[in-house]
Amino acid sequence: MRYASVAVAVAGVLVAAGAISYSVAGDNGPGVPSAASADAGFARDMAVHHQQAVEMSYVVRDRTKDEEIRRLAYDIAQTQANQRGMLLGWLDLWELPKVSSDGPMAWMGMKGMAGGEDGALMPGMATDAEMKKLGTLDGRRAEVYYLQLMTAHHRGGVHMAEGCVSRCEVPVEKRLAQGMVEAQESEIRLMADLLEERGAKAPWTSESPGA
């Protein structure tokens, strides 16, 4: 039942996504945002952030036979791939670039704070070394490492989505961001339970785990 409640939350985000795409296309909002706006910055950065979650989730599906982990990974991959497509579609609709010379997180006043060390461009993102390590693990070790990496990833994503909720001006984008917050916080709680069942713990900060 715990998984069902998370699935319902995720489904709600996806149902809203279709309505949100239609609304944005229908000019529901204050007009086309600028390239330097929070709306554009969030769309650009979250599309990159989501792409790593999709990649991570497909990696672990090939490294474990546990059906609950595989189902969670599949749902995360599908949800975030759909949202990523929507965010990139909005940038196309607004005729704005998908890359900014200001760098990641500038729209939140955090330019350069994530460091970009070894591919970790934004809060919660795994490094290239961590992604490579995930691809070498199997079974329970892969499950635990994925859950830890994804917990950190979701915490960073929630931080970014909350930034859009407070800074973005396009109403439908703000609603999508709020939906991300709620769905990912629900998944964080589920992943904490799954880690506990495997005798492991989630990282306490938004940083990636070192184990």
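Structure first, text after, so check above.
Described below are features of the structure shown in this document. (Residues numbered from 1 in each chain as written. Predicted model: local features only at pLDDT ≥ 70, side-chain atom pairs only at ≥ 80, totals over all residues. Heavy atoms only, no water.)

**Thoughts on the overall build of the protein**
Of regular secondary structure, the protein possesses six helices and zero strands. Shown N-terminal to C-terminal, the secondary structure of the protein runs as helices and strands in the order α-α-α-α-α-α. The buried share among the 211 residues of the protein stands at 48%. By sequence separation, contacts in the protein at least 24 residues apart represent 78% of the contacts at least 6 residues apart. With the model as given, the accessible surface of the protein reaches about 9,700 Å², and the carbon-plus-sulfur share is 53%. (Helix = DSSP H or I, 4+ residues; strand = E, 2+ residues; numbered from the N terminus. Buried < 20%, exposed > 50% of the residue type's maximum accessible area, 1.4 Å probe, protein only. Contact = heavy atoms within 4.5 Å. Areas by Shrake-Rupley, 256 points an atom, 1.4 Å probe, with all protein chains shown as cover.)

**Topic: unusual backbone geometry**
A positive phi angle is found at Glu95, which is not glycine, with a value near 55°. Mapped onto the fold, Glu95 is located in the loop between helix H3 (67-93) and helix H4 (128-134). Judged by its relative accessible area of 73%, Glu95 falls in the exposed class.

**Some remarks on the packing of helix H5 (residues 139-167) against helix H6 (residues 171-197)**
At a minimum axis separation of 8 Å, H5 and H6 run at an interaxial angle of 155°. If you check the angle between H5 and H6, you find them roughly antiparallel. Helix-helix and strand crossings are classified by hand; for H5 and H6 the assignment is left-handed. Of the residues that constitute the contact of H5 with H6, the class distribution is 14 nonpolar, seven polar and six charged. (Axes fitted to C-alpha atoms, helices over the stretch in contact; angles between N-to-C directions. Parallel < 35°, antiparallel > 145°, perpendicular 65-115°, else oblique. Left-handed = near helix turned anticlockwise from the far one by under 90°. Nonpolar A, V, L, I, M, F, W, Y, C, P; charged D, E, K, R; others polar.)

**Some words on the pattern of salt bridges**
Summed over the entire model, instances satisfying the criterion amount to six salt bridges. The salt bridge partner of Arg198 is Asp66, with a shortest N-O separation of 3.3 Å. With Arg198 in the segment after H6 and Asp66 in the loop between helix H2 (38-61) and H3, the pair connects residues that are 132 residues apart, well separated along the chain. Residue Arg198 is classed as buried on the basis of its relative accessible area of 11%. Classification of Asp66 by relative accessible area gives partly exposed; the value is 26%. Two residues, Arg198 and Glu143, come together in a salt bridge whose shortest N-O distance is 2.7 Å. Of this pair, Arg198 sits in the segment after H6 while Glu143 sits in helix H5; the two residues are 55 residues apart in sequence, bridging distant segments of the chain. Owing to a relative accessible area of 8%, Glu143 belongs among the buried residues under this scheme. Through salt bridges that share partners, Asp66, Glu143, Glu197 and Arg198 make up one connected network. (Salt bridge = Lys/Arg side-chain N within 4 Å of Asp/Glu carboxyl O.)

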